[in-house]
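# Structural overview for review
The lines below spell out each chain.
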Amino acid sequence: MKYAKRVFIFLVLVSILLFTYIELGGRYIINQYDRRVITFEIRCRKKLPENVTTFYNSVYHKSLDKNSWNYNLKSLIGQNKILECPCREMAFRIFPSLDIKNKNSLDYTLLTRYLEQNYSQADCLNFNFSNFDFLENRKGINAVSKSLFDKEIKDLTPLEIAEIIALYENPVKNNRIRNPEIAFARTKYFHELYLKNLNKK
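Turning our attention to the overall build of the chain. The helix and strand tally for the chain stands at 11 helices and 0 strands. Scanning the chain from its N terminus toward the C terminus, one meets helices and strands in the order α-α-α-α-α-α-α-α-α-α-α. Dimensions of the chain along its principal axes, counting C-alpha atoms only, are 70 × 40 × 30 Å. Per-residue burial over the chain gives 41% buried out of 201 residues. Considering only contacts within the chain whose residues lie at least 6 apart along the sequence, 62% involve residues at least 24 apart. Per element, the accessible surface of the chain, about 12,000 Å² overall, is 57% carbon and sulfur. Each charge class in the chain can be summarised by its mean position, and for the 32 positive and 21 negative side chains these summaries are 8 Å apart.

Rendered as structure tokens:
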């Protein structure tokens with residue numbers, strides 16, 4: 001009985017230490033220069049309009065209201081999608097460019113938690129959309145909005161946003177020129193999912 005109790009206490013202490021390391025480790029692996037660059041990259045960009053964030057938060061249900069712990073818990077049961085956690089997606093985008101010594105897979109989690117503690121999921125989503133390559137010389141959501149619809153982002157309809165989300169998911173497969181039927185079907189899926197989840201609120 002004493003042995004089992006000791007093992008239990010040991011496991012609890014290890015869990016606490018691991019949780020603390022995940023929560024605080026990001027500030028120690030990222031140097032000051034990289035922190036300034038991240039802050040600049042996020043703060044210098046014009047925020048996404050509400051029509052886009054509302055749509056995204058509907059199709060990836062409440063992804064802008066949650067954090068990576070939700071993502072990690074879903075990972076354990078195989079139900080996660082990286083697009084459900086914009087800050088984790090941003091971490092994967094910027095990780096290769098950061099000056100982190102002895103990089104390993106755990107550093108992705110540390111970086112994600114650092115981003116979440118200092119910025120919002122909406123900030124991370126804005127960064128991702130602004131830097132995403134939609135192909136055909138269309139880098140960023142502003143460029144693809146102009147190219148497809150000749151509109152400012154704030155003027156896009158839900159159906160038009162659905163097509164952009166489909167491209168964001170897979171810019172090759174869901175391209176209206178290369179694969180019109182697939183692109184139409186995926187756009188329709190996101191639009192219907194948006195309407196369905198919007199009605200749940």
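Our next topic: the environment of serine 120. Looking at where serine 120 falls in the secondary structure, it is placed in the loop between α7 (106-118) and α8 (121-131). A residue is classified by how much of its surface remains accessible, and serine 120, at 32% relative accessible area, is partly exposed. As for serine 120 and isoleucine 141, which are separated by 21 residues in sequence, their C-alpha atoms are 19 Å apart. Of the polar contacts made by the side chain of serine 120, one reaches the backbone nitrogen of aspartate 123; its length is 3.0 Å.

So, about the environment of aspartate 123. Tracing the chain through its elements places aspartate 123 in helix α8. Separated by 81 residues in sequence, aspartate 123 and isoleucine 42 have C-alpha atoms that sit 6.5 Å apart. With residues near it in sequence (within four places) discarded, aspartate 123 still touches Ile42, Arg43 and Lys47.

Taken as a whole and judged by the stated rule, the model has 1 disulfide. Paired by a disulfide, cysteine 87 and cysteine 124 hold their sulfur atoms 2.3 Å apart. The S-S bond linking cysteine 87 to cysteine 124 shows a torsion near 85°; that makes this disulfide right-handed. In this pair, cysteine 87 sits in helix α6 (residues 86-94) while cysteine 124 sits in helix α8, placing the two residues 37 residues apart along the sequence. You'll find cysteine 87 and cysteine 124 in the same group, each marked buried. Take cysteine 44: it sits in no disulfide, and the sulfur closest to it among the cysteines is that of cysteine 124, at 14 Å. On the basis of relative accessible area, cysteine 44 is assigned to the partly exposed category, the value being 42%. With no disulfide partner, cysteine 85 has as its closest neighbouring cysteine sulfur the one in cysteine 87, 6.0 Å distant. The exposure class of cysteine 85 is buried, given its relative accessible area of 1%.

One can describe the packing of helix α4 (residues 50-59) onto helix α11 (residues 180-198) by two numbers: an axis separation of 8 Å at closest approach and a directional angle of 85°. One way to sum up the angle between α4 and α11 is to call them roughly perpendicular. From α4, Thr54, Phe55, Ser58 and Val59 reach across to α11, where they touch Phe190, His191, Leu193, Tyr194, Asn197 and Leu198. Tallied by class, residues from the contact of α4 with α11 come to 6 nonpolar, 4 polar and no charged.

What follows covers the side chain of asparagine 197. With respect to the element layout, asparagine 197 can be found in helix α11. Look past the residues within four positions of asparagine 197 in its chain and what remains in contact with it is Ser58, Val59 and His61.

The next thing to look at is the packing of aromatic side chains. The relative placement of two aromatic rings is captured by the distance of their centres and the angle of their planes. Following the criterion strictly, the structure yields 11 aromatic pairs and no others. Aromatic pair tyrosine 189 and phenylalanine 190: ring centres 5.3 Å apart, planes at 65°, arrangement edge-to-face. Taking relative accessible area as the criterion, phenylalanine 190 reaches 1% and is therefore assigned buried. The structure contains a cluster of three or more aromatic residues connected by ring pairs, namely Tyr56, Tyr60, Phe129, Phe132, Phe134, Tyr168, Tyr189 and Phe190.

Rules used in this analysis
- Residues numbered from 1 in each chain as written.
- Predicted model: local features only at pLDDT ≥ 70, side-chain atom pairs only at ≥ 80, totals over all residues.
- Heavy atoms only, no water.
- Helix = DSSP H or I, 4+ residues; strand = E, 2+ residues; numbered from the N terminus.
- Buried < 20%, exposed > 50% of the residue type's maximum accessible area, 1.4 Å probe, protein only.
- Contact = heavy atoms within 4.5 Å.
- Areas by Shrake-Rupley, 256 points an atom, 1.4 Å probe, with all protein chains shown as cover.
- Lys, Arg positive; Asp, Glu negative; His and termini not counted.
- Charge placed at Lys NZ, Arg CZ, Asp CG, Glu CD.
- Polar contact = N/O pair within 3.5 Å; in protein donor to acceptor, adjacent residues only side chain to side chain.
- Disulfide = S-S within 2.5 Å.
- Axes fitted to C-alpha atoms, helices over the stretch in contact; angles between N-to-C directions.
- Parallel < 35°, antiparallel > 145°, perpendicular 65-115°, else oblique.
- Nonpolar A, V, L, I, M, F, W, Y, C, P; charged D, E, K, R; others polar.
- Phe/Tyr/Trp six-rings, centres within 6.5 Å; stacked < 30°, edge-to-face > 60°.

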